[in-house]
Amino acid sequence: MITDENIIVVENLVKKFGNFTANDNLSFEVKRSEIFGFLGANGAGKTTAIKILCGLSFPTSGKVSVAGFDVYKKRNEIRKNIGYMSQGFSLYEDLTVKENIEFYAGIYGLRRSEIKDRFEDLVQKLGIEELKNKLVSDLPLGWKQKIAFSVAIFHKPQIVFLDEPTSGVDPITRRQFWDLIYEAVESGITVFITTHYLDEAEYCNRVCIMAEGRIDAIGTPDELKKKYYSLNMDEVFVKIARGN
Amino acid sequence: MAEIEIHNLCKSYGSVKALDDLCMTVEKNGFYGLIGPDGAGKTTLMRIITSLLVPDSGSLSVGGLDPVRDYKKLRLKLGYMPGKFSLYPDLSVEENLRFFAGVFGTTIKENYHLIKNIYQHIEPFKNRRAGKLSGGMKQKLALSCALIHKPEILILDEPTTGVDAVSRREFWDMLNEIRNYGITILVSTPYMEEAVICDNISLLFAGKVVESGTPDEIVSRYSAKVYSIKTNNIPVTLKTLRNLSGIKSVNSFGQNIHLVFSDETHSEMDISEFLKKYDVLDAEISIIKAGIEDCFIDYILRSTNQ
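Keep in mind the model is a prediction, meaning the values are calculated, not measured. (Residues numbered from 1 in each chain as written. Chains lettered and ligands numbered in written order. Predicted model: local features only at pLDDT ≥ 70, side-chain atom pairs only at ≥ 80, totals over all residues.)

Peer 1: Residue-level account of unusual backbone geometry, with values.
Peer 2: The phi dihedral of E164 of chain A is positive, around 45°, even though this residue is not glycine. Mapped onto the fold, E164 of chain A is located in the loop between β7 (159–163) and α6 (171–186). Its identity as a non-glycine residue notwithstanding, S51 of chain B has a phi of 75°, on the positive side. Among the structural elements, S51 of chain B can be located in the loop between α1 (42–49) and β4 (57–62). (Helix = DSSP H or I, 4+ residues; strand = E, 2+ residues; numbered from the N terminus.)

Peer 1: If you had to explain the domain arrangement of chain B to someone new, which residues and values would you point to?
Peer 2: Taken as a whole, chain B is organised into domain 1 (2–214) and domain 2 (223–289). Taking only C-alpha atoms, the centre of domain 1 of chain B and the centre of domain 2 of chain B are 39 Å apart. (Domains from an automatic or database assignment.)

Peer 1: Could you give an account of the sheet that holds strand β1 (residues 2–13) of chain B, naming the residues involved and the relevant values?
Peer 2: Hydrogen bonds between backbone atoms are what pair the strands of a sheet, whose relative direction is either parallel or antiparallel. Residue and element names in this part refer to chain B. An order of β2-β1-β4 is seen for the three strands of this open sheet, with the pairing classed as antiparallel. In this open sheet, the two edge strands, each paired with only one partner strand, are β2 (16–27) and β4. Averaged over all pairs of adjacent strands, the angle between their axes in this sheet comes to 15°, without regard to strand direction. Sheet topology note: the β1/β2 ladder contains eight bridges and is antiparallel. Bridging across to β2, E5 finds its partner in T25. (Pairing = 2+ DSSP bridges. Axes fitted to C-alpha atoms, helices over the stretch in contact; angles between N-to-C directions.)

Peer 1: I'd love a proper account of the pairing of β7 of chain A, names of residues and values included.
Peer 2: Residues and elements named next belong to chain A. Of all five residues making up β7, five are buried, and the element is well covered by its neighbours. A two-sided burial pattern is seen for β7, the buried positions comprising I159, F161 and D163 on one face and V160 and L162 on the other. Relative to β7, strand β6 (residues 82–86) runs parallel, the two being bridged by five bridges. In the strand pairing of β7, Y84 is matched with F161. Here five bridges tie β7 to strand β8 (residues 190–194), and the two strands are oriented parallel to one another. Within the sheet, the bridge partner assigned to L162 lies in β8 and is I193. Remark: the β7/α6/β8 crossover connection has right-handed handedness. (Buried ≥ 20, exposed ≤ 12 C-beta atoms within 10 Å, placed from the backbone. Right-handed = clockwise from strand over helix to strand, strands pointing away.)

Peer 1: So what's going on with the pairing of strand β9 (residues 206–211) of chain A? Which residues, and what values?
Peer 2: Residues and elements named next belong to chain A. Within β9, five of the six residues are buried, which leaves the element mostly enclosed by the surrounding structure. Note that strand β3 (residues 35–40) and β9 share five bridges and pair parallel. Pairing of F38 across the sheet is with C208, part of β9. Of the pairings in the sheet, the one linking β9 to strand β10 (residues 214–219) comprises five bridges and is antiparallel in character. The residue of β10 that forms the bridge with M210 is I215. Where β9 folds back on β10, the antiparallel hairpin that results is connected by two residues, among which E212 adopts a positive phi of roughly 50°.

Peer 1: An account of the nonpolar core is needed here, citing residue identities and associated values.
Peer 2: Counting residues in hydrophobic clusters, the biggest one holds 148 residues, and the most contacted among them are V160 and V191 of chain A. Top element by residues in this core is helix α5 (residues 135–147) of chain B. It accounts for six residues. Two domains each put at least three residues into this core: domain 1 (2–214) and domain 2 (223–289) of chain B. Not counting residues within four places of it along the chain, the set of residues in contact with V191 of chain A comprises I35, F36, V160, L162, I181, A184 and V185 of chain A. (Core = buried A, V, L, I, M, F, W, Y, C linked by C-beta atoms within 7 Å. Contact = placed C-beta atoms within 7 Å.)

Peer 1: Provide a residue-level description of the interface of chain A and chain B, including the pertinent values.
Peer 2: Contacts between chain A and chain B engage 26 residues on the former and 26 residues on the latter. Breaking the side of chain A that touches chain B down by element, the ones donating at least two residues are α6, α7 (198–201) and α9 (233–241) of chain A. Looking at the side of chain A that touches chain B, its residues break down into 13 nonpolar, six polar and seven charged. (Nonpolar A, V, L, I, M, F, W, Y, C, P; charged D, E, K, R; others polar.)

Peer 1: Just give me the short version of the packing of helix α5 (residues 141–152) of chain A against α6 of chain A, but keep the residues and values in it.
Peer 2: Residue and element names in this part refer to chain A. Two numbers describe how α5 lies on α6: the axes approach to 10 Å, and their chain directions differ by 10°. Relative to α6, the element α5 lies roughly parallel. Between α5 and α6, the residues in contact are G142, Q145, K146 and F149 and T173, Q176, F177 and L180, respectively. For the contact of α5 with α6, the class distribution of residues is three nonpolar, four polar and one charged. (Parallel < 35°, antiparallel > 145°, perpendicular 65-115°, else oblique.)

Peer 1: Describe in detail the sheet that holds β6 of chain A, supporting the description with residues and values.
Peer 2: All names here are of chain A. One open sheet accounts for six strands, arranged β6-β7-β8-β3-β9-β10; its pairing is mixed. Looking at the sheet topology across the chains shown, the edges are occupied by β6 and β10. Averaged over all adjacent pairs, the angle separating strand axes in this sheet is 15°, with direction ignored. Here α6 sits on the sheet in contact with β3, β7 and β8, set at roughly 150° to β8. Against the sheet, α9 touches β3, β9 and β10, its axis set at about 25° to β9.

Peer 1: Which residues make up the packing of helix α4 (residues 112–119) of chain B against α5 of chain B, and what values do they have?
Peer 2: Residue and element names in this part refer to chain B. Closest axis-to-axis distance for the α4/α5 pair is 9 Å, and the angle between their directions is 175°. By the angle between their directions, the pair α4 and α5 is classed as roughly antiparallel. Between α4 and α5, the contacting residues are L114, I115, I118 and Y119 on the first element and K140, L143, S144 and L147 on the second.

Peer 1: Describe α9 of chain A, naming the residues involved and giving the relevant values.
Peer 2: For α9 of chain A, the complete set of buried residues consists of M233, V236, F237, I240 and A241 of chain A. Down the axis, α9 of chain A shows its buried residues gathered within 120° of arc, on one side only. Buried residues along α9 of chain A sit against β3, α7, β9, β10 and α8 (221–227) of chain A together with α6 (165–178) of chain B. Just downstream of α9 of chain A, G243 of chain A is the residue with a positive phi angle, here 75°. (Arc of directions from axis to C-beta.)

Peer 1: A description of helix α8 (residues 234–241) of chain B should follow, citing residues and the corresponding values.
Peer 2: Those residues of α8 of chain B that fall on the buried side of the exposure criterion are I234, T237, L238, T240 and L241 of chain B. The arc that holds the buried residues of α8 of chain B, viewed along the axis, is 165°, so those residues lie on one side.

Listed below in C-alpha cells is the structure:
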C-alpha cells in the first residue's frame, strides 16, 4: 500500500554542466511503496537526476533527500538503502547466478546465514533450481533481467531504481518482470522506474514527464490523461513532447 | 522481384542456434520490418545479409549477389546502420559524412537531396564532434552516413531501441520518406507495434521466423477472440483473472488486460461474473482485434508449452 510518507524529497534541484542546465529547478516527492515512473525524451535530464538520487553525483543546488538521508552529506547511507538496476549494468557474466548474489549480498554486508536463507527463498520463488549454478553468460536473456532485478533488491533496500529494465525484452518476460515489481512493492519497496514502453507508464502509481531539464507534467496516469484529453499515456506523452 | 532472398539459413555460436533454418524474401523497394526481442537472431541475420558474417549453411542472395562470394560488389550497394553507434566520435558531424561519401566515391553535394530532411536537423551542429552529440542527433547522423552513397538497400539494426516514443515515431516517418527514392529498406525493432508502418514484417523468435506477411495478414490470421478488460486496478484484476478457469492467456496491455480463452465455450459473461464475485466492479469488457504483440505472445506460449 502506498503510504503518505515521503521517501524521496526533491526541492528546487538544479544541476549544471558548464553552461548547460541538465536539471532545471526540479521539485517532487515520491511516497513510500509507490511505483514512480520517470519518463521523458532522450536528453531530458532523467539520467542526471537518477545519478543524483543514487548518490553518484552532487546537485549544483537544491535540497534532495533519499530514504531520509541528505544527498550532500549521507551518500553512503543512501547507497546502503537503495538498489539499482539498468539494462547496461546488471550481473557479472562470468560468475554464476549464485556467485553474483553472494558477491552483491556480501558488499551490502549481509551475514552468510542470511544470504543462504534468502537465496533459497529466491530459488524457490523464481523456480531457478536448474539455473542457479550456471554462468550468467549462459542464461536466456529474459532470465538475466529477472535475476538482475532480484539481485538489486536482495538486500531489501527501501527504494529500487530501475533504468529501462525491460528494454528489448520479449513480451512475456516484460510482463513477468512487472509481476516481480508488484511483488517488491507489496513487500514495502518503493520503485523508481524509467521506460520507453508507454504501456508500462500505465502501471505506475504516478508518472513524472521531463522535457528539457524540467518537469512538464506529474500525476497519476488517470490525472494526466484527463488533463491532456488523451485516451492513453502514449497520447499524453506525444502531446507533451510536441508542446500542446 | 526479390531484392533479398534467404533459404534455410543456419548460424550457430557454439551450442546456441542463432538462426535456425530461416527463410525470408524482401521485395525490391520493399519496406520490411524484423520484429523480435533481444536474442531472436535479428543482428546475426543482418550481419549475414551485409556480408559481415558467414552463415553455416543455407543460401542467400542480396541485390542479386551472394554475400559470401561477391561481398566487395555487394557492399557498394548497401547502406548499414548498426545497432551500436559506430561513427568516428572524434571527427565532426560534417567530417564523418564527408568520410563516408568519400569512401564510396561520391560527395555530400551529389546526394544531398537524399539526406536533406534528416541532415538539416543536425546541420547547425556540423562542426561538433560526433561523440558529443545527443542520442537522437547521433541517430540522425548515422542514418545520413548510411544513405550518402545512395545505397540500393538500406539495413538498419534496431535504430529506435532506447529512443523515446515521440522520436521513434519521427524516425519511422523518415524511413517511410526514404522509400520514395526506390531504396529497399530492412529494419529491425524490439517494439512490437511500431513496425506496422512496414509493408511486410516477420516476427523472429529463437532464430526462427514465427510469422510473416503484411501486418494486417498477421493479425487477421490470429483467430482466437481477444477480450479487452479496462480497469483502474490492473495488478489486482490481473491476479484475479489468472484464476479464471478455461483461460489460455491473460496479459496486461497498458490500461487494459487482454484475455484469451482456450476454447470457444467461454464468453464475456464468464469474465464479468467472475470479476464481480471477486469485487472488481469497474471492469469494462469488449472484444477487440488482436495486435502484433498479441500474436507474438501467442506464439511464445505455444512454442514453450510444446
